[in-house]
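An overview of the molecular structure
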Amino acid sequence: SKGMDKFYAQDFQTASYFFNRALELDPDFMGAAFFQIPCLEIMGMLSEARELTNFYYDNIDLYPSGQQIVIQYWKNYLEKNHQETIKYAKLRLEEDPMDRIMWYALGINYYRGHMYQEARKAFEKALEIDKSWGGGWDWVWIYAHTGAAYHETGQHDKEDKIYDLGLGILPENPEIIAQQAICSLSMDDSLAANNYIAKYRSIREAEGMDEYWINFYTGLLYVGAKKFNKAIDFYQDIVGQDSQGNQDPWFKWQLGYQLINNGVNVE
């Protein structure tokens, strides 16, 4: 329970600690392993995530069929076998159609494969299950990603509503406000976009985020809205202000990536 609370709050380091403690007490507690693996992946500890997954995969015959499906899901997910990952997510949902986390996971895999209609349906199913349980799910990405799927399918009224739903549960959440900014930018609503960006930056400042990273993520809002020229101008301005050449390379990397990806001044 402590691990889950921290996971949903995006405190993945603390969540991982609790999941690890649970697995030390019971290595076969697949509920903890199911969340420890993405914790490790999100924190960039891919080798550890694969090691844990392989531990179960190497002993897969010792587990019941439902747990075998979950093991196969993570094995294929980490190996980037996209279609197989989707297959095992669906198999898991055949066994437990009320598994809202797996509906969300299925949606993410569809979304990453640019299958936005399928992603939208999977996310909606996760939210439908949550509503049947009383609502109030505090996992920010279900709102951010559902809104993004609506955005990609041109359903902007539903996109607005899902962000409002999320902010009703997680007020002032910067991830949702970032999506609102991306939507406004893509719709060329400059006034709303500027307001959302200012709000996003203010919240990040209040959180104590370093100005460097606030600028970096602000640039990604333009990328998310496919306003690549604005993103290029933004990153060029930041790099140009670094007269001493001390800027962390992430800005230059992102600028270079956008220049190459959009065929602008590639050399």
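Keep in mind the model is a prediction, meaning the values are calculated, not measured.

Our next topic: the side chain of Gln72. In this fold, Gln72 is placed in helix α5 (residues 65–78). According to the relative accessible area criterion, Gln72 is buried, its value standing at 18%.

For the rest of this paragraph, the subject is the layout of surface pockets. Empty space within the largest pocket amounts to approximately 1,200 Å³. As for the largest pocket, its lining consists of 25 residues, and the residues nearest its centre are Trp141, His145, Gln179, Ile182 and Leu220. At the level of secondary structure, the elements contributing two or more residues to the lining of the largest pocket comprise α7 (100–112), α9 (140–152), α11 (174–186), α12 (190–207) and α13 (211–224). Top element by residues in the lining of the largest pocket is α9. It accounts for six residues. Broken down by class, the residue content of the lining of the largest pocket amounts to 15 nonpolar, five polar and five charged. Estimated volume of the second largest pocket: approximately 420 Å³. Taken together, the elements giving at least two residues each to the lining of the second largest pocket come down to α3 (30–42), α5, α7 and α9. Each residue belonging to the lining of the second largest pocket can be placed in one class, and the counts come to 15 nonpolar, two polar and two charged.

This paragraph deals with a nonpolar patch on the surface. A cluster of nonpolar side chains, Trp213, Tyr217, Trp250, Trp253 and Tyr257, forms an exposed patch at the surface whose accessible area comes to about 530 Å². Mapped by element, the contributors of at least two residues to the nonpolar patch are α13 and α15 (249–261). Take the nonpolar patch: its biggest share by element is three residues, from α15. Within the secondary structure layout, Tyr217 lies in helix α13.

Before going further, it helps to spend a moment on the packing of aromatic side chains. One pass over the full model with this rule turns up 26 aromatic pairs. Pairing Tyr17 with Phe18 gives two aromatic rings, centres 5.4 Å apart and planes at 65°, and the pair type is edge-to-face. Given a relative accessible area of 44%, Tyr17 falls into the partly exposed group. Seen from their ring centres, Tyr104 and Trp139 are 6.0 Å apart, and the 85° between their planes marks the pair as edge-to-face. One end of the pair, Tyr104, is in helix α7; the other, Trp139, is in the loop between α8 (116–132) and α9, and 35 residues separate them in sequence. Take Tyr104 and Trp139: they sit in the same class, and that class is buried. Positioned above the aromatic ring of Tyr57, the side-chain terminus of Lys75 is 4.8 Å from the ring centre. Above the face of the Trp137 ring, Arg100 is positioned so that its terminal group lies 4.0 Å from the ring centre.

Locating Met4 in the fold gives a position in helix α1 (residues 2–8). Sequence separation between Met4 and Phe35 is 31 residues; the distance between their C-alpha atoms is 8.0 Å. Ignoring any residue separated from it by four or fewer positions in sequence, one finds Met4 in contact with Phe19 and Phe35.

So, about empty space enclosed by the protein. By the definition in use, this model includes one cavity of 30 Å³ or more. Its volume calculated, the largest cavity comes out at about 40 Å³. Looking at the largest cavity, the residues that line it are Met30, Ala33, Phe34, Ile37, Thr53, Tyr56, Val70, Ile71 and Trp74. Those elements that place two or more of their residues in the lining of the largest cavity are α3, α4 (46–57) and α5. Sort the elements by how many residues they give to the lining of the largest cavity and α3 lands first, with four residues. Split by residue class, the lining of the largest cavity holds eight nonpolar, one polar and no charged.

This next bit is on the environment of Ala181. Following the sequence through the fold, Ala181 ends up in helix α11. The class for Ala181 is buried, based on a relative accessible area of 0%. Taking the C-alpha atoms as reference points, Ala181 and Ala225, 44 residues apart in sequence, are found 8.4 Å from one another. Residues within four places of Ala181 in sequence aside, it is in contact with Ala193, Tyr196, Ile197 and Leu221.

Here is what the cut-offs are and how they apply
Residues numbered from 1 in each chain as written. Predicted model: local features only at pLDDT ≥ 70, side-chain atom pairs only at ≥ 80, totals over all residues. Heavy atoms only, no water. Helix = DSSP H or I, 4+ residues; strand = E, 2+ residues; numbered from the N terminus. Buried < 20%, exposed > 50% of the residue type's maximum accessible area, 1.4 Å probe, protein only. 1 Å grid on protein atoms, 1.4 Å probe; cavity = no way out; pocket = protein on both sides within 12 Å on 5 of 7 lines; lining within 4 Å. Points joined across faces, edges and corners; volume = space filled by probe spheres on them. Nonpolar A, V, L, I, M, F, W, Y, C, P; charged D, E, K, R; others polar. Patch = residues over 30% accessible without salt bridge, like charges linked within 9 Å, V, L, I, M, F, W, Y side chains within 5 Å. Areas by Shrake-Rupley, 256 points an atom, 1.4 Å probe, with all protein chains shown as cover. Salt bridge = Lys/Arg side-chain N within 4 Å of Asp/Glu carboxyl O. Phe/Tyr/Trp six-rings, centres within 6.5 Å; stacked < 30°, edge-to-face > 60°. Lys NZ or Arg CZ within 6 Å of the ring centre and 35° of its normal. Contact = heavy atoms within 4.5 Å.

Honestly, that's just the spatial picture; any functional story needs more than this.
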